[in-house]
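Summary of the model geometry
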Amino acid sequence: MVLNGLKLSKHDQYVEELCTKIKDRYDSVSKHVAVRARKRMLAEADVIARKGCDVDIYEVKCSPRIVKAKRQLRKLSKYLGGSLNIANCYLYCGSSHSIMTILLK
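Figured I'd write up the structure that's included with this text. No experiment lies behind these values; they were computed from the predicted model shown. Each chain has its residues counted from 1, running along the sequence as written. Note on the predicted model: pLDDT of at least 70 is required for a residue's local features to be given, and 80 or more for side-chain atom pairs to be given and counted; whole-chain, interface and lining totals, by contrast, use all residues. Side-chain metrics in this entry use all non-hydrogen atoms of the structure; hydrogen atoms and water are not considered.

1. Looking at the packing of aromatic side chains
Stacked, tilted and edge-to-face pairs are distinguished by plane angle, under 30 degrees for stacked and over 60 for edge-to-face with tilted covering the rest, among Phe, Tyr and Trp rings (Trp via its six-membered ring) whose centres lie within 6.5 Å. Under the counting rule described, the total for this entry stands at two aromatic pairs. Ring geometry for Tyr26 versus Tyr58: centroids 6.3 Å apart, planes at 90°, classification edge-to-face. Within this pair, whereas Tyr26 is found in the loop between helix H1 (10-22) and strand S3 (28-37), its partner Tyr58 is found in strand S5 (residues 54-61), the two being separated by 32 residues in sequence. Ring pairs connect the aromatic residues Tyr26, Tyr58 and Tyr90, which therefore count as one cluster. A helix here means a DSSP run of H or I that spans at least four residues, while a strand means a run of E at least two residues long, and both kinds are numbered starting from the N terminus.

2. Here's the deal with the sheet that holds S5
Within a beta sheet, neighbouring strands are joined by backbone hydrogen bonds and run either parallel or antiparallel to one another. As summarised here, the arrangement of the five strands in space is S3-S4-S5-S6-S7, forming an open sheet in which the pairing is mixed. If you trace the sheet from one side to the other, it starts and ends with S3 and strand S7 (98-101), each paired once. Between one strand axis and the next, the sheet turns by 35° as a mean value, whatever way the strands run. As defined by bridge partners, S5 adjoins strand S6 (residues 85-93) across eight bridges and the pair is classed as parallel. If you follow Val60 over to S6, its bridge partner there is Tyr92. Relative to the sheet, H1 contacts S3, strand S4 (40-51), S5, S6 and S7, its axis offset from that of S3 by approximately 130°. Only heavy atoms enter the contact rule, under which two residues are in contact if any of them lie within 4.5 Å. Under this scheme, a helix contributes an axis fitted over its contacting stretch, all axes are lines through C-alpha atoms, and angles between N-to-C directions fall in the 0 to 180 degree range. Sitting on the sheet, helix H2 (residues 66-80) is in contact with S3, S4, S5, S6 and S7, with an inclination near 150° to S5. Strand pairing is assigned whenever DSSP identifies at least 2 bridges connecting the two strands.

The structure is reproduced here in structure tokens:
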């Protein structure tokens, strides 16, 4: 897939695919959102989707790597939980084109 003249990586293709799949369910969908503290990047959310006051976070993986996704989502919810009302966390597996709910508790 080519976007703006650049060939996208497999991961970025799956991010685009996910955004297309979910965009009608939300008020806004943001891709590759960096979480920074001063000059340092703490984490990056693949997709953050907002509906009203609630926010859903999506982690995109090319294969079903649930443990790694859960670790990354836990880190993101720790950094964003104070400023955003995080309703749900999801893993999108690109190879199976499926969305899985991740429980962080």
